[in-house]
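# Overview (structure and organization)
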Amino acid sequence: MPDASDSRLPGNKTAAVIGAGPAGLMAAEVLGQAGVAVTVYDQMASPGRKFLMAGRGGLNLTHSEDLNQFLTRYGDSHPLLRCAIQAFPPAALRAWSDRLGQPTFVGSSGRVFPKTLKTSPLLRTWLLRLGNLGVTLKLRHRWQGWDDEGSLRFVAGDKEIFVEPDVTVLALGGASWPKLGSDAQWAAMLRAQGIVVSPLRPANCGFAADWSEVFQRFEGEPLKRIAIDFDGRSVRGEATITRNGIEGGAIYALSSTLREAVDKNSHASIAIDLLPDVAMAKLRERLSVSRGKQSLSNFLRKATHLSAAALALVREAALSSGLSLPALNADALANLIKATPVRLIGVQPIATAISTAGGVSFAELDDRFMLRRYPGIFVAGEMLDWDAPTGGYLLQASFATAVAAARGAISWLSTG
Ligand SMILES: Cc1cc2nc3c(=O)[nH]c(=O)nc-3n(C[C@H](O)[C@H](O)[C@H](O)COP(=O)(O)OP(=O)(O)OC[C@H]3O[C@@H](n4cnc5c(N)ncnc54)[C@H](O)[C@@H]3O)c2cc1C
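Presented here is a report on the structure given in the accompanying data block. Going along each chain's sequence as written, the residues are numbered from 1 onward. Two thresholds apply to this predicted model, a pLDDT of at least 70 for residue-level local features and 80 or more for giving and counting side-chain atom pairs, whereas whole-chain, interface and lining totals are computed over all residues. Remark: hydrogens and water are excluded; side-chain values derive from all non-hydrogen atoms of the structure.

A few words on helix α16 (residues 393–415). A run of DSSP states H or I qualifies as a helix once it reaches four residues; a run of E qualifies as a strand once it reaches two. Both are numbered from the N-terminal end. To estimate how far a helix should extend, the number of its residues minus one is multiplied by 1.5 Å. If you check α16, its first and last C-alpha atoms are 33 Å apart, about what 23 residues at 1.5 Å a residue would give, namely 33 Å. Where burial is concerned, most of α16 is hidden: 17 out of the 23 residues are buried. Think of it in three bands: with a 1.4 Å probe and only protein chains considered, a residue is buried below 20% of the maximum accessible area for its type, exposed above 50%, and partly exposed in between.

Below is the structure:
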């Protein structure tokens, strides 16, 4: 039975937004500003869990590069995603953050952060603003699809609740870090309704490598200022050794092509330049000096200034290529350090990925982000079928599609 008190205010249009992540909260704000009575539902005990997690290492809201360049980061994404970002571009997101009392700055890499670097002050003010707009937050409400009459069905504790809003915005997130709430159970529910959901796959994720027991001891160690080459692309950045593989910014940037390669060939071989700022000739010269009585480890450490983890990786690569490190001459050593081969043999599970590729197909949406088969139901955020690297592109697309879906819902309400 519909619970009228749950979302319907007399004389008002009502909206249910499901998912209190950045996309759901942004959709709620836009709808609330238009005078729609909005209720946001989330299955967790507090809103924005993944958004808060994103702020742990510095909340990278968006990127400052030229908009045309910015849009290329979404690869062959659907034109609808591009339209949404053009309508709510990085400058609009920064202005929004500013209005929340959270001015932003551009970091040295062009990435944009709030000055506090954290999510919590921004989220706190945002929730206050939403409260002032009359947005109601219903937590610990797990959405379970629709009943036979088309009402939204939630489970809250031991109660079942049915809601019949005028419009619904689904903003349920991807499948990564399910313990933060986005567990992608929605995928099966939507598929059961005949909606095409492309397979959910890990994006901005780590990869498995078959490390020796000795090298596993370097778990958690960073490889700083490296360049990783794969398939004609070279990405500078950092990576971290994990117990059974490798992760981190430079890996994430290559993750969609690496994932395709691993899916297709069961492996992918990357080459890591451990000293991208040192020219090959210079490195050869340094390695040509006589070792004297020094151990090879000491000699390499002094000649290269590489960390213990980086040198261990060189040993690991030599071992797996069947090479004897002490037998290598200066040229071969330099080649190995400038292109240390690492064979990736698997993709780390989606639960540990930063984001999700795949999701609700854009073919299911009209240009208002409304499901063609289910008028009045809109979709936003990471649950849509797009993929992007880290660098602020994930949140920008989540926010922009939420603005587009909410504006679409307002336009549908005003004409419907
Ligand atoms: C460690 C980490 C760091 C990150 N850092 C950055 C960064 O710096 N910059 C960046 O751009 N991106 C970053 N991201 C990605 C970014 O956080 C996500 O892209 C973004 O949160 C997606 O927003 P969303 O609102 O679409 O989904 P989510 O934030 O996942 O929100 C979805 C919400 O839906 C709720 N929900 C799901 N299913 C149900 C259900 N059945 N019933 C009720 N509620 C449900 C969930 O509880 C959740 O609150 C990071 C991600 C991680 C994991």
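All right, on to the sheet that holds strand β19 (residues 377–379) then. We call two strands paired when DSSP finds no fewer than two bridges between them. Across the sheet, five strands lie side by side as β6-β2-β1-β10-β19; this open sheet has parallel pairing. Each edge of the open sheet carries a strand with a single partner, namely β6 (136–138) and β19. Geometrically, the sheet is characterised by an average inter-axis angle of 20° between neighbouring strands, direction not taken into account. Sheet topology note: the strand β2 (residues 37–41)/β6 ladder contains three bridges and is parallel. When the bridges of β6 are listed, T39 appears paired with T136. Residue contacts follow a heavy-atom distance rule, with two residues in contact if any of their heavy atoms lie within 4.5 Å. Only the contacting stretch of a helix is used when fitting its axis, a line to C-alpha atoms as for every element, and angles between N-to-C directions run 0 to 180 degrees. Each of β1 (14–18), β2 and β10 (167–170) touches helix α2 (residues 22–33); the most contacted strand, β2, lies at about 170° to it. Sitting on the sheet, α16 touches β10 and β19, and the angle it makes with β19 is about 160°.

A separate point is the layout of surface pockets. Quantified by volume, the second largest pocket comes out at close to 280 Å³. In terms of lining, the second largest pocket is formed by 16 residues, of which the most central are K224, R225, L274, L275 and L306. Ranked by the residues each element gives to the lining of the second largest pocket, the list is headed by strand β13 (residues 222–230), at five residues. Only protein atoms enter the 1 Å grid used here, on which a cavity is any set of points holding a 1.4 Å probe that cannot leave and a pocket is any open set flanked by protein within 12 Å on both sides along at least five of seven lines; residues with an atom within 4 Å of a point are listed as lining. Grid points are joined across faces, edges and corners, and a volume is the space filled by probe spheres set on the points.

On the secondary structure map, L328 appears in the loop between α14 (308–320) and α15 (330–338). Here L328 falls in the buried class, since its relative accessible area comes to 15%. Taking the C-alpha atoms as reference, L328 lies 55 Å from A188; in sequence the two are 140 residues apart. Among all residues touching L328, those that are not within four sequence positions of it are R291, L333 and L336.

As paired strands, strand β3 (residues 62–63) and strand β5 (residues 111–114) are joined by two bridges and run antiparallel to one another. Note that in β5 the partner of H63 across the bridge is R111. Across three bridges, the pairing between strand β4 (residues 104–106) and β5 is antiparallel. Each residue of the ladder has a partner; that of V106, found in β5, is V112. Once β4 ends, the chain turns through four residues before running back antiparallel as β5, passing G110 with a positive phi of about 90°.

A few words now on the site of the ligand. Summary of the distance rule: residues count as near a molecule or strand when at least one heavy atom falls within 4 Å of that molecule or strand. Taken together, 29 residues surround the ligand, and among them D42, N60, W143, E382 and L395 come closest. Between N60 and the ligand, the recorded distance is 2.9 Å, taken from a backbone N or O atom to a nitrogen atom. For the purposes of these results, a polar contact is taken to be a pair of N or O atoms within 3.5 Å, where, inside protein, one atom must be able to donate a hydrogen and its partner to accept one; residues adjacent in sequence count only when each atom of the pair is a side-chain atom. Between S182 and the ligand, the recorded distance is 3.1 Å, taken from a side-chain N or O atom to an oxygen atom. Accessible surface area values rest on a Shrake-Rupley calculation with a 1.4 Å probe, where residue burial reflects the displayed protein chains alone. Compared with its free state, where it exposes 1,000 Å², the ligand has 95% of that area covered by protein. Of all the secondary-structure elements, those providing two or more residues to the shell around the ligand are α2, α3 (49–54), β7 (142–146) and α16. Looking at the shell around the ligand residue by residue, the classes come out as 13 nonpolar, 12 polar and four charged. Under the scheme applied, nonpolar residues are Ala, Val, Leu, Ile, Met, Phe, Trp, Tyr, Cys and Pro; charged residues are Asp, Glu, Lys and Arg; polar residues are all the others, including Gly.

The strand order across the open sheet formed by three strands is β7-β8-β9, and the pairing between neighbours is antiparallel. Across the chains shown, the open sheet's two edge strands, defined by having one partner strand only, are β7 and β9 (159–163). Mean inter-strand twist for the sheet, computed between neighbouring axes without regard to direction, equals 30°. With five bridges joining them, strand β8 (residues 152–156) and β9 adopt antiparallel strand pairing. Across the sheet, A156 pairs through a bridge with K159, a residue of β9.

These values are about where atoms sit, not about what they do.
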